[in-house]
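Spelled out, the chains give:
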Amino acid sequence: MILPKTKLFIIGHPIGHSLSPLMQTAALKKLNLRYGYSSVEVLPEELPLFIRKIRQNPYYLGFNVTLPHKETIISLLDYVCPEANQIGAVNTVVLRNKQLLGFNTDGNGFIQGLKLNSKFEPFDKNIVLLGAGGASRAIAIKLLKANCQKLSIFNRHFNRAHELVSYLKSIFPNITLEAFALDALADSNQLENADLLVNTTSIGLKGTQFNDFPWAKLKASCIVSDIVYNPLHTPFLIEAEKRGLTIFTGDFMLVHQGALAFELWTGHKAPIKTMHQALYSKM
Ligand code: ATR
């Protein structure tokens, strides 16, 4: 529901469990910005009409976009930034002069969190991604833009990994990119030299896990990350920690993608600590 003081919101379906209202409301309060951020349930078939109505209302500053609209919204916007176009998805829309401008802060949010919190610089690094969905694509593009040395993508359905790698190779022809089936992990030698391992699959949701993950192959300095933030410590990260590896939890990507969106809408530096604390109160 859009409340009277709402200038910002998130659209999706289902949207009830989104943590963005909590995080963004805390940020708005911290900066004494006296308007609200709500969540709005929008069904796929309602999206075109919803967008038309929003465009006519200069009161709104913008909104976040989540499943299932991140891709379909692109054709309804007036401008989509080059990076969101490459990713093929928009998670942040800015409303300016009745124009709807689309951005994607997911990949940037991941990298920014990683740099600030784990002091990890992707430049010249060897990186393994598990999963080949939308999140993997957003993160891969940022890692490649940061000139990582090599990126290997493993996916349950090999074809999807292959398609993603072919697409990425067309944009980044000078970086080594390889696709594998997830069940080839144990036999491949990609993990041995990995500096960063990122699980972008939904496997950690509801506490599920990988069977027989070849942990012994990872070097001691490899950072292990999961983009799932509920639970914060997924079985994958718990296993990594047990083996003494440094972990990077999914809340950082959530906070930093939100912070970047906040900065696009308001022009103010986002109070990242406040946003993170608001999240922790619900985790
Ligand atoms: P998102 O936009 O969050 O990345 P997505 O596009 O639906 O979501 O992608 C989900 C990812 O999780 C995919 O890589 C998917 O693998 P497939 O492409 O083979 O379906 C992966 N995934 C989901 N459930 C999985 C499971 N049980 N085991 C392994 N991978 C799984």
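So, a few notes on the structure that sits alongside this text. Keep in mind that what you see is a predicted model, and the values were worked out from it rather than measured.

A closer look at the overall build of the protein chain
Next, step 1: Scanning the protein chain for helices and strands turns up nine helices and 12 strands.
Next, step 2: Here the C-alpha atoms of the protein chain give a radius of gyration of 19 Å, agreeing with the 19 Å that 2.2 N^0.38 yields for 283 residues.
Next, step 3: In terms of its C-alpha atoms, the protein chain occupies a principal-axis envelope of roughly 55 × 40 × 30 Å.
Next, step 4: Out of the 283 residues belonging to the protein chain, those deemed buried represent 55%.
Next, step 5: Taking all contacts inside the protein chain whose residues are at least 6 apart in sequence as the whole, residues at least 24 apart take part in 68%.
Next, step 6: With an accessible surface of roughly 13,300 Å², the protein chain has 52% of that area assigned to carbon and sulfur atoms.
Next, step 7: Side-chain charges of the protein chain comprise 29 positive and 21 negative groups, with the mean position of each set lying 10 Å from the other.

Quick word on the site of the ligand
Next, step 1: Lining the immediate surroundings of the ligand are 13 residues, of which Ala132, Asn155, Arg156, His157 and Arg160 lie closest.
Next, step 2: Gly134 has a polar backbone atom sitting 3.2 Å from an oxygen atom of the ligand.
Next, step 3: Within the contact set of the ligand, an oxygen atom lies 2.6 Å away from a side-chain nitrogen or oxygen of Asn155.
Next, step 4: Notes on the ligand: free accessible area 650 Å², of which the protein chains cover 70%.
Next, step 5: For the shell around the ligand, the per-class residue count stands at four nonpolar, seven polar and two charged.

Re the layout of surface pockets
Next, step 1: Taken as a whole, the largest pocket spans an internal volume of roughly 1,800 Å³.
Next, step 2: Thr66, Leu67, Leu205, Ile227 and Tyr229 are, among the 50 residues lining the largest pocket, the residues nearest its centre.
Next, step 3: At the level of elements, β3 (62-65), α5 (134-145) and α8 (251-266) are the ones that each hand at least two residues to the lining of the largest pocket.
Next, step 4: With four residues, the single largest contributor to the lining of the largest pocket is α5.
Next, step 5: Its residues assigned to classes, the lining of the largest pocket shows 22 nonpolar, 21 polar and seven charged.
Next, step 6: Viewed by domain, the lining of the largest pocket spans two of them, domain 1 (8-104 + 253-280) and domain 2 (107-249), each represented by three or more residues.

Topic: the sheet that holds strand β5 (residues 92-96)
Next, step 1: Within the open sheet, the six strands sit side by side as β2-β1-β3-β5-β6-β4. Their pairing is mixed. The open sheet has two edge strands with one neighbour each: β2 (36-41) and β4 (79-80).
Next, step 2: With two bridges joining them, β4 and strand β6 (residues 99-103) adopt parallel strand pairing. Each bridged residue has a counterpart across the sheet, and for Val80 the counterpart in β6 is Gly102.
Next, step 3: Lying on the sheet, helix α1 (residues 20-30) is in contact with β1 (6-12), β2 and β3; it crosses β2 at an angle near 160 degrees.
Next, step 4: Contacts from α8 reach β1, β2, β3, β5 and β6 within the one sheet, and its direction differs from that of β5 by about 5 degrees.

Some thoughts on α1
Next, step 1: All buried positions along α1 are accounted for by Ser20, Pro21, Met23, Gln24, Ala26, Ala27 and Leu28.
Next, step 2: Looking at the buried residues of α1, the elements they touch are β1, β2, β3, α8 and α9 (272-280).
Next, step 3: Once α1 ends, the next one or two residues include Asn32, with phi positive near 60 degrees.

Comments concerning the sheet that holds strand β8 (residues 150-155)
Next, step 1: Strand order in the open sheet formed by six strands is β9-β8-β7-β10-β11-β12, and the pairing between neighbours is parallel. This sheet does not close on itself; its edge strands, each paired only once, are β9 (176-181) and β12 (246-248). Each strand of the sheet is rotated relative to its neighbour by a mean of 20 degrees, with strand direction disregarded.
Next, step 2: In this sheet, strand β10 (residues 196-199) lies alongside strand β7 (residues 126-130) in parallel orientation, the contact comprising four bridges. Among the inter-strand pairings, Ile127 is bridged to a residue of β10, identified as Leu196.
Next, step 3: The strands touched by helix α4 (residues 106-118) are β10, β11 (223-226) and β12; relative to β12, the strand with the most contacts, the crossing angle is about 140 degrees.
Next, step 4: In this fold helix α6 (residues 158-171) packs onto β8 and β9, with an angle of close to 170 degrees to the strand it touches most, β9.

Some remarks on the packing of α5 against α6
For any two helices packed against each other, the geometry comes down to the angle between their axes and how far apart the axes lie.
Next, step 1: One way to put it is that α5 packs onto α6 with a least axis distance of 11 Å and a crossing angle of 30 degrees. α5 and α6 meet at a crossing whose hand is right-handed. Residue-level inspection shows Ser136, Arg137, Ala140, Ile141 and Leu144 of α5 in contact with α6, the latter providing Leu164, Tyr167 and Leu168.
Next, step 2: Of the residues assigned to the contact of α5 with α6, the class counts are six nonpolar, one polar and one charged.

Section: α9
Next, step 1: Of the positions making up α9, those classed as buried are Thr274, Met275, His276, Ala278 and Leu279.
Next, step 2: Buried residues along α9 sit in contact with α1 and α8.

Analysis parameters
- Residues numbered from 1 in each chain as written.
- Predicted model: local features only at pLDDT ≥ 70, side-chain atom pairs only at ≥ 80, totals over all residues.
- Heavy atoms only, no water.
- Helix = DSSP H or I, 4+ residues; strand = E, 2+ residues; numbered from the N terminus.
- Rg over C-alpha atoms; globule rule 2.2 N^0.38 Å.
- Buried < 20%, exposed > 50% of the residue type's maximum accessible area, 1.4 Å probe, protein only.
- Contact = heavy atoms within 4.5 Å.
- Areas by Shrake-Rupley, 256 points an atom, 1.4 Å probe, with all protein chains shown as cover.
- Lys, Arg positive; Asp, Glu negative; His and termini not counted.
- Charge placed at Lys NZ, Arg CZ, Asp CG, Glu CD.
- Near = heavy atom within 4 Å.
- Polar contact = N/O pair within 3.5 Å; in protein donor to acceptor, adjacent residues only side chain to side chain.
- Nonpolar A, V, L, I, M, F, W, Y, C, P; charged D, E, K, R; others polar.
- 1 Å grid on protein atoms, 1.4 Å probe; cavity = no way out; pocket = protein on both sides within 12 Å on 5 of 7 lines; lining within 4 Å.
- Points joined across faces, edges and corners; volume = space filled by probe spheres on them.
- Domains from an automatic or database assignment.
- Pairing = 2+ DSSP bridges.
- Axes fitted to C-alpha atoms, helices over the stretch in contact; angles between N-to-C directions.
- Left-handed = near helix turned anticlockwise from the far one by under 90°.

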